[in-house]
Amino acid sequence: MNRVYQIAKLLTLIENGEEFDVSDMLMSKDQPFVIGLTGAPGTGKSTLISKLVKQLSKQKKKVAVIANDPTSKISKGSLLGDRIRMDELWNLDNVYIRSVPSRGRKGGLNYFVVEMIYAFHKFGYSNIFVETTGVGQDEVEIADIADLVINVSVPYLGDEIQSIKAGLNEVTDIYVINKIDLGSFDAYAKYLYLAVKKNAWGWDPKIVGVSAIKNKNVDLLIKTIQDYVPVYKKKLNQTIIKRFRFMITSRIEHIIDTKVEKTDMNELLQHYIKSKSLNETVKKLITGIE
Amino acid sequence: MSPEKRIKILIAKPGLDGHDRGAKVLARSLMEAGFDVIYTGIRQTPEKIVKTAIQEDVDVVGLSVLSGAHMYHFKEVIRLLKKYGAADKLVIGGGIIPEADKKKLEKIGVAAVFGPGTDIKEIVEFIKNRIKRN
């Protein structure tokens with residue numbers, strides 16, 4: 001239990017913006033395997049993670065889950081409800097689940113999610129699932145932090161036009177059509193195939209139909225994840241650079257978002273009316289200098 | 001960077017009790033009051049609740065019981081929090097709990113018991129007063 005406390009407290013510090021040095025871990029050969037799950041709200045990401053983690057934990061691996069949920073723009077509070085779908089994992093000593101509020105950062109991920117990944121890694125968790133908040137088409141940030149992006153959808157979600165659009169489709173490594181117990185796999189898969197394009201590392205994204213709640217084809221998904229392992233190893237250097245970039249840009253965003261939050265917009269508007277320059281106004285916002 | 005730690009609350013329903021509307025309304029209301037709320041739903045065991053509270057590093061554990069088994073569940077949660085060295089967490093309760101039991105619960109370490117009809121503001125104020133943040 002002592003170690004659980006240590007991780008719990010460390011994650012709280014990180015979540016609240018305190019610095020956590022990951023430089024040595026970032027440069028190490030020993031890297032965590034980060035599986036990102038993303039997709040619209042209600043597609044079954046949390047339930048699917050629960051099934052995947054249960055399988056992986058049988059191999060005695062230490063598995064962590066970082067489950068992001070949205071923060072209210074109005075109250076700044078968050079309702080974190082992903083854990084409810086992972087009820088079957090509670091008694092596994094090698095599994096750690098942490099619910100994380102997005103704090104309003106775009107992309108469905110908390111500002112400090114990479115630091116959290118390495119905090120888990122420091123404590124020996126080598127397989128880490130990161131679940132985004134429910135997202136739409138444009139939230140591709142998950143590809144900057146995860147080794148493998150699983151895009152979870154459900155039957156009848158779109159047509160061929162959706163499939164050829166830019167965005168999440170371009171960074172997906174495995175498409176999952178969940179809830180195939182409720183609707184046809186083919187009805188959506190026949191369009192989704194149009195989204196599939198061999199990536200720069202020679203990986204052909206796969207489409208897997210599952211029913212997480214019925215535990216159907218979860219083993220097939222695990223096999224597909226295992227097939228992906230050599231690809232992840234090939235692109236590791238690039239992934240590390242991406243994670244570093246995410247940490248840097250996230251911190252910049254955090255500073256600016258916090259600043260905007262604390263700024264009296266009325267006052268700033270007056271400054272704009274006077275200066276007639278948005279660039280000048282932004283300069284004042286950031287530097288405080290008129 | 002100015003970190004701003006928000007108060008984190010776990011809302012759980014121990015035991016065989018499916019009456020979760022109150023807990024859900026409270027979870028949502030506490031979110032609207034600016035707290036981080038983790039909702040784990042119905043049919044939780046005390047052991048599960050305590051492990052979750054520790055993993056999530058919450059400040060407050062809120063238990064809702066409408067089945068009549070509150071004495072057992074509250075006692076167990078408090079005992080396990082102590083056993084695992086997490087007695088610093090504030091435990092509050094709600095549900096259908098007789099006045100006489102409220103006193104007993106407060107004696108064993110439940111900070112407050114809020115019955116049906118409680119104004120959400122009262123709960124919010126209570127939590128804010130007990131968990132001080134600079």
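Criteria and cut-off values
- Residues numbered from 1 in each chain as written.
- Chains lettered and ligands numbered in written order.
- Predicted model: local features only at pLDDT ≥ 70, side-chain atom pairs only at ≥ 80, totals over all residues.
- Helix = DSSP H or I, 4+ residues; strand = E, 2+ residues; numbered from the N terminus.
- Axes fitted to C-alpha atoms, helices over the stretch in contact; angles between N-to-C directions.
- Parallel < 35°, antiparallel > 145°, perpendicular 65-115°, else oblique.
- Left-handed = near helix turned anticlockwise from the far one by under 90°.
- Contact = placed C-beta atoms within 7 Å.
- Nonpolar A, V, L, I, M, F, W, Y, C, P; charged D, E, K, R; others polar.
- Pairing = 2+ DSSP bridges.
- Buried ≥ 20, exposed ≤ 12 C-beta atoms within 10 Å, placed from the backbone.
- Core = buried A, V, L, I, M, F, W, Y, C linked by C-beta atoms within 7 Å.

In this model, Tyr156 of chain A sits at a positive phi of 65°, which is unusual for a non-glycine residue. Secondary-structure assignment places Tyr156 of chain A in the loop between strand 6 (148-153) and helix 6 (160-164). Phi is positive for Arg43 of chain B, close to 55°, though the residue is something other than glycine. Tracing the sequence through the fold places Arg43 of chain B in strand 2 (residues 36-44).

Residue and element names in this part refer to chain A. In the contact formed by helix 11 (residues 265-275) and helix 12 (residues 278-287), the axes pass within 9 Å of each other and the chain directions differ by 140°. Compared by their axis directions, helix 11 and helix 12 come out oblique. Crossing handedness for the pair helix 11 and helix 12: right-handed. Seen from helix 11, the contacting residues are Leu268, His271, Tyr272 and Ser275; seen from helix 12, they are Leu278, Glu280, Thr281, Lys284 and Leu285. Among the residues forming the contact of helix 11 with helix 12, the class breakdown is four nonpolar, three polar and two charged.

A common way to report how large an interface is uses the accessible area buried once the components associate. With 29 residues of chain A at the interface, the matching set in chain B holds 27 residues. Within the residue set of the side of chain A that touches chain B, elements represented by two or more residues are helix 1 (2-15), strand 3 (78-80), strand 4 (95-101) and helix 10 (236-262) of chain A. Ranked by residues supplied to the side of chain A that touches chain B, first place goes to helix 1 of chain A with six residues. Of the residues in the side of chain A that touches chain B, the class split is 13 nonpolar, eleven polar and five charged. By the bridge criterion, three bridges tie strand 3 of chain A to strand 2 of chain B in an arrangement that is parallel. Residue pairing across strands places Leu80 of chain A opposite Ile38 of chain B, the latter belonging to strand 2 of chain B.

With that out of the way, let us pick up the sheet that holds strand 6 of chain A. In any sheet, the strands associate via hydrogen bonds between backbone groups, in a parallel or an antiparallel arrangement. Residues and elements named next belong to chain A. The strand order 4-2-5-1-6-7-8 describes an open sheet built from seven strands, whose pairing is parallel. Whereas interior strands pair on both sides, the edge strands pair on one side only; in this sheet they are strand 4 and strand 8 (206-209). Each strand of the sheet is rotated relative to its neighbour by a mean of 20°, with strand direction disregarded. By the bridge criterion, four bridges tie strand 6 to strand 7 (residues 174-177) in an arrangement that is parallel. Residue pairing for strand 7: Ile150 is matched across the bridge by Ile174.

Take the environment of Ile241 of chain A next. Residue and element names in this part refer to chain A. Within the secondary structure, Ile241 is located in helix 10. Taking the C-beta count within 10 Å as the criterion, Ile241 has 12 such neighbours and is therefore assigned exposed. Considered as a pair, Ile241 and Gln137 are 104 residues apart in the sequence and their alpha carbons are 24 Å apart.

Looking now at the nonpolar core. Ile66, Met116, Ile117, Ile145 and Val176 of chain A are the most contacted members of the largest nonpolar core, which has 65 residues in total. Per element, the largest residue contribution to this core is seven residues, and it comes from helix 4 (residues 113-122) of chain A. Ignoring any residue separated from it by four or fewer positions in sequence, one finds Ile66 of chain A in contact with Arg98, Val100, Val113, Met116, Ile117, Ile128 and Val130 of chain A. Counting 41 residues, the second-largest nonpolar core is a separate cluster that includes Ile49, Leu66, Val113 and Ile127 of chain B.

What follows concerns the packing of helix 3 (residues 70-83) of chain B against helix 4 (residues 99-108) of chain B. Axis angle and axis distance: for two packed helices, these are the angle between their axes and the distance between the axes, and together they describe the pair. Residue and element names in this part refer to chain B. It is the contact of helix 3 with helix 4, at a shortest axis distance of 10 Å, that shows an interaxial angle of 10°. Judged by the inter-axis angle, helix 3 sits roughly parallel to helix 4. In contact with His70, Met71, Phe74, Lys75 and Ile78 of helix 3, helix 4 contributes Asp101, Lys104, Leu105 and Ile108. A breakdown of the residues in the contact of helix 3 with helix 4 according to their chemical character gives five nonpolar, one polar and three charged.

Take it as geometry only, folks, not as evidence of what the structure does.
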